[in-house]
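Summary of structural features
Each chain, written out:
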Amino acid sequence: MALASLPGPVQELWSVWREIEGKAAQPITLGLVASTAPDREHWRDALLIGSHDPERLKLVDPDEPSPAFADLYIAVITTNTGMITRELPVLARLDRTKLMVALVGIPEHLMATRQREVLHTLDLSADQVVPVTSLKDLAGPFARAVFERFPDMVIPLSRQFPIFRSEAGWQEVQATAKQNAVIGALPLPGADLPIMTANQVKMLMRIAAMFDMPLNVERAKELLAVVGGGLAMRTISRQFVKVVPWAGWAIAGGIGYSGTLAMGKAAIEYFKRNAPSHQVKLEHVHPVQTEDPVQGV
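Presented here is a report on the structure given in the accompanying data block.

Conventions and cut-offs
- Residues numbered from 1 in each chain as written.
- Predicted model: local features only at pLDDT ≥ 70, side-chain atom pairs only at ≥ 80, totals over all residues.
- Heavy atoms only, no water.
- Buried < 20%, exposed > 50% of the residue type's maximum accessible area, 1.4 Å probe, protein only.
- Helix = DSSP H or I, 4+ residues; strand = E, 2+ residues; numbered from the N terminus.
- Pairing = 2+ DSSP bridges.
- Right-handed = clockwise from strand over helix to strand, strands pointing away.
- Expected span 1.5 Å × (residues − 1).
- Arc of directions from axis to C-beta.
- Bend = angle between axes of the 7 residues up to and from the residue.
- Polar contact = N/O pair within 3.5 Å; in protein donor to acceptor, adjacent residues only side chain to side chain.
- Salt bridge = Lys/Arg side-chain N within 4 Å of Asp/Glu carboxyl O.
- Core = buried A, V, L, I, M, F, W, Y, C linked by side-chain atoms within 4.5 Å.
- Contact = heavy atoms within 4.5 Å.
- Axes fitted to C-alpha atoms, helices over the stretch in contact; angles between N-to-C directions.

We now examine the pairing of strand 1 (residues 30-33). Going residue by residue along strand 1, you find L30 and L32 tucked away on one face and G31 and V33 tucked away on the opposite face as well. Pairing geometry for strand 1 and strand 2 (residues 57-60), over 4 bridges, is parallel. For L32, the partnering residue across the bridge sits in strand 2 and is L59. For the segment spanning strand 1, helix 2 (residues 37-47) and strand 2, crossover handedness is right-handed. The pairing of strand 1 with strand 3 (residues 72-77) spans 4 bridges and is classified as parallel. Residue V33 lies in a different strand from strand 3, and its bridge partner there is A75.

So, about helix 4 (residues 108-122). Taking 1.5 Å as the rise per residue, helix 4 with 15 residues should run 21 Å; its terminal C-alpha atoms sit 22 Å apart, in good agreement. Of all the positions in helix 4, only M111, R114, V118 and L122 are classed as buried. Taken down its axis, helix 4 places every buried residue within 75 degrees of arc, on the same side. More than 90 degrees from the buried face of helix 4, the exposed residues found are H109, R116 and H120. Just past helix 4, the residue D123 takes up positive phi, approximately 55 degrees.

Phi at D123 takes a positive value of approximately 55 degrees, unusual for a residue other than glycine. Summarising the element assignment, D123 is placed in the loop between helix 4 and strand 5 (129-132).

On to helix 5 (residues 135-149). Taking 1.5 Å per residue, 15 residues should reach 21 Å; helix 5 reaches 20 Å between its end C-alpha atoms and fits that length. Taken as a whole, helix 5 carries its principal kink of about 35 degrees at A143. Those residues of helix 5 that sit buried are L135, D137, L138, A139, G140, F142, A143, A145, V146 and F147. Capping the start of helix 5, S134 holds a side-chain oxygen 3.3 Å from the backbone nitrogen of K136, two or three residues further along.

Let us look at the pattern of salt bridges. Where charged atoms from two side chains of opposite charge approach closely, those side chains can pair. A complete count under the given rule lists 9 salt bridges for this structure. A salt bridge links E269 to K272, with the nearest nitrogen and oxygen atoms 3.7 Å apart. On the criterion of helical spacing, the pair formed by E269 and K272 is a turn pair, its members being 3 residues apart in helix 10 (residues 245-274). Of the residues examined, E269 reaches a relative accessible area of 38% and is grouped as partly exposed.

Looking now at the nonpolar core. Counting residues in hydrophobic clusters, the biggest one holds 58 residues, and the most contacted among them are F142 and L157. When sequence neighbours within four positions are dropped, the list of residues in contact with F142 reads I74, M100, V101, A102, V130, V132 and D137. If you look at the next biggest cluster of nonpolar residues, it comprises 19 residues, including A75, L94, L99 and M111.

Glancing now at the side chain of E172. Within the element layout of this structure, E172 appears in helix 7 (residues 165-185). A polar contact of 2.6 Å, which involves the side chain of E172, links it to the side chain of R206. Apart from residues no more than four positions distant in its own chain, E172 is found in contact with M203, R206, I207 and M210.

So, about the sheet that holds strand 3. In spatial order, the strands read 2-1-3-4-5; together these 5 strands make up an open sheet with parallel pairing. Across the chains shown, the open sheet's two edge strands, defined by having one partner strand only, are strand 2 and strand 5. Each strand axis lies, on average, 25 degrees off the axis of its neighbour in the sheet, ignoring direction. Where strand 3 and strand 4 (residues 99-104) come together, 5 bridges link them in parallel fashion.

Next comes the structure, spelled out in structure tokens:
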């Protein structure tokens, strides 16, 4: 069927999907910096869990006079002061606007000192230096910091490096839920439903792109079923508006928020089960040990 023969809203959503897919297909190269070869190999393996394209991750040798180009550099700094001293020269040669630093396995009483040292030496922003105590932190708080600083990388980065997908999807869900909470609370009978539904469909499309899931007829039907649950929640909220006209709008906003969260959680679980890349079970990963950070993940 030709695109021109489809209904207008379907054509619009198809155009949105093509735009999302275009962004998702952009290749992202990560540069990984660590002091020793075992460290680099260890964290390379962690970042490549479930990835289909290991060539997108480049190992940066601290002794390289001209570090390899990358769209984003991740530096792993551990407890050993000597290692930090050895890592900093190569970090100074990188494009620091593309740099994120993971402070791994550093004792709490030394963390503030290490952060100040790195921030001062490299002239970085505070959001570029993130404590990491486990692989779960790498896929959670560290990933969150990366997404906040580099929002344009969220979809392609999470598609190419599956370890970041769950956090990327959850951030998308939360952002959409907040939008729908505001829209749902506005006293615009009938006008809010199309906007909220469009937001939810776009949210599902972006999460699908993050999980490298192509949009076809069967998957579109499944996504519409998920959206249908949100529409049911919205119908319930309208009943509150009829009974309690003023408080009802606040309740409608809350249902718009919670309904979108529930829809997003269901979508993430669906894509986790069906995505082509293996999803690591982070809850089974051991924390990084302070004495030997390389062995802890």
